[in-house]
Amino acid sequence: MRRSSVTDTLAVVKNSLRIVPEHFEVDLPRSRAVQLFKEFVELIEIETTAYCNRTCSFCPNSFLDRRTIRFMPDDTWQAILAGMREVDYDGTVVWSRYSEPTSEKGITERIKQVKEAAPNCRVCINTNGDYLNAGYLEQLADAGVSRLWIDTYVDDMKEYTREIAEKANGKLLKRLKLEGELVESNPEYAYHIIHPRIEITNHVRNVVTMIANDLSDRGGLISIARKAIRNSPCYAVFKHLVVDWDGSVMPCCQVRSDSPKHKDVVLGRIGDGGLDLVTAYLQLATWREPLSSYGEKLGVCSTCNVSDYQTSLVNITASKLLTANNAPVKALRKFAGSIINKKQRY
């Protein structure tokens, strides 16, 4: 759904001010590279298994293999943990991507390892909820999970109604032995599930609600998504780091290393050739220049509608002026430091 013009402008101003010259340099002294990562990375999105038990119509898993069970190589996993220790990571780690995280029996142990490596980080899981029950939920809480975003999928072929949503949510609540309350009804029904230790939201959805929520075309892979022409900036490459199950580093969460159409956007693999979290973040420098301001976007970015900021004179001017590295912008960046440097908690 589209944001308000004021919200868009504030986002463009904040994100533009957070861009510094080092963001465009691939080679930095290690100490500065670590500092850059620690200062700007808000989200590390990972998957440690390739498997997903669903093949939703609006997801590339409907035509790409995610039914084969494969796990992240241990050397890759250990390199990720080492990177979190090195930067004393305090942002968010989210299990998401194109797998079903809770299908992996060892995920609770992995979460504990992340919390040991980065005690101040926030751990989140995006899940379809199929594997969850009351006991499993407590194991996740004990391991250190802060938030669960549950997508409960209902039949595409049936009319999407409140009755269908209530029934689906009720089944989940019964399985979790918890209570919940409706918090959203348009364009889809969403429920806050009450738990003493984990923030839990359940979104009941299908292809109808996904399209109503402005379904992403996933780097050109999904034909039923809105046909967009990207002109606005994208700031994900400045504050996110995305790692697939095999260690592949991707420029953002919309593209995937197992698609033949996206093979050329893989930045490398964690653990191969000395690539680690810090150097992987530096590799994103090659993507940042065209995405830092308004203008035509190419390749997998050309039709992306995710965080597609409105093209207005105010936004274009703010983007152009505030990404400059001149004295007034430096002074403004320093003055607004406490505001613009506050990391988003996912």
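For the structure given in this document, a descriptive report is provided here. A quick note: this is a predicted structure, and the numbers were derived from the prediction, not measured.

## Thoughts on the nonpolar core
Stage number 1. Met 84, Tyr 89 and Trp 95 are the most contacted members of the largest nonpolar core, which totals 79 residues.
Stage number 2. Broken down by element, the residue count for this core peaks at six residues, all from helix H3 (residues 74-87).
Stage number 3. Here Trp 95 is in contact with Ile 46, Thr 48, Trp 77, Pro 101, Ile 107, Arg 110, Ile 111, Val 114, Val 123, Cys 124, Ile 125 and Asn 126, once residues within four sequence places are set aside.
Stage number 4. Grouped together as the second largest cluster of nonpolar side chains are nine residues, Tyr 98, Val 207, Met 210 and Leu 215 included.

## Concerning helix H2 (residues 30-40)
Stage number 1. Considered for burial, the residues of H2 that qualify are Arg 32, Ala 33, Val 34, Leu 36, Phe 37 and Phe 40.
Stage number 2. Among the structural elements, strand E1 (43-46), H3, helix H8 (236-239), strand E8 (240-243) and helix H9 (277-283) are those in contact with the buried residues of H2.

## Focus: the pairing of strand E3 (residues 122-127)
Stage number 1. Burial within E3 is extensive, with five of its six residues counted as buried.
Stage number 2. Strand direction decides the pairing type here: strand E2 (residues 92-95) and E3, joined by four bridges, are parallel. Across the sheet, residue Val 94 finds its bridge partner in E3, namely Cys 124.
Stage number 3. Viewed along the sheet, the connection from E2 through helix H4 (residues 107-117) into E3 turns out right-handed.

## A short note on the side chain of Thr 209
Stage number 1. Along the polypeptide, Thr 209 turns up in helix H7 (residues 207-212).
Stage number 2. A relative accessible area of 1% means that Thr 209 is categorised as buried.

## Notes on the sheet that holds strand E4 (residues 145-153)
Stage number 1. In space, the nine strands of this open sheet follow the order E5-E6-E7-E4-E3-E2-E1-E8-E9, with mixed pairing throughout. Every other strand in the sheet has two partners, leaving strand E5 (179-184) and strand E9 (249-250) as the edge strands with one partner each.
Stage number 2. Where E4 and strand E7 (residues 199-205) come together, seven bridges link them in parallel fashion. Bridge pairing in E7 places Tyr 153 opposite Arg 205.
Stage number 3. The strands touched by helix H6 (residues 162-176) are E4, E5, strand E6 (189-194) and E7; relative to E6, the strand with the most contacts, the crossing angle is about 20°.

Cut-offs and rules
- For every chain, the first residue of the written sequence is number 1, and numbering continues from 1 onward in sequence order.
- For a predicted model such as this one, the threshold for reporting local features is a pLDDT of at least 70, and the threshold for listing and counting side-chain atom pairs is 80 or more; totals across whole chains, interfaces and linings nevertheless cover every residue.
- Only heavy atoms go into the side-chain values, all of them from the structure, while hydrogens and water stay out.
- Buried Ala, Val, Leu, Ile, Met, Phe, Trp, Tyr and Cys residues form a nonpolar core when they are joined through side-chain atoms within 4.5 Å.
- Relative accessibility under 20% of the residue-type maximum defines a buried residue, over 50% an exposed one, and the middle range a partly exposed one, all with a 1.4 Å probe and only protein chains included.
- Secondary structure is summarised from DSSP: a helix means a run of H or I of at least four residues, a strand means a run of E of at least two, and numbering begins at the N terminus for each.
- Contacts between residues were defined by any pair of non-hydrogen atoms, one from each residue, lying within 4.5 Å.
- Strands are treated as partners if at least two bridges between them are detected by DSSP.
- We call a crossover right-handed when, viewed with both strands directed away from the observer, the connection leading from the first strand over the helix to the second proceeds clockwise.
- An axis is simply a line fitted to the C-alpha atoms; with a helix, the fit covers only the stretch in contact. Between two such axes, the angle follows the N-to-C directions and lies from 0 to 180 degrees.

Read these as spatial facts, not as claims about activity.
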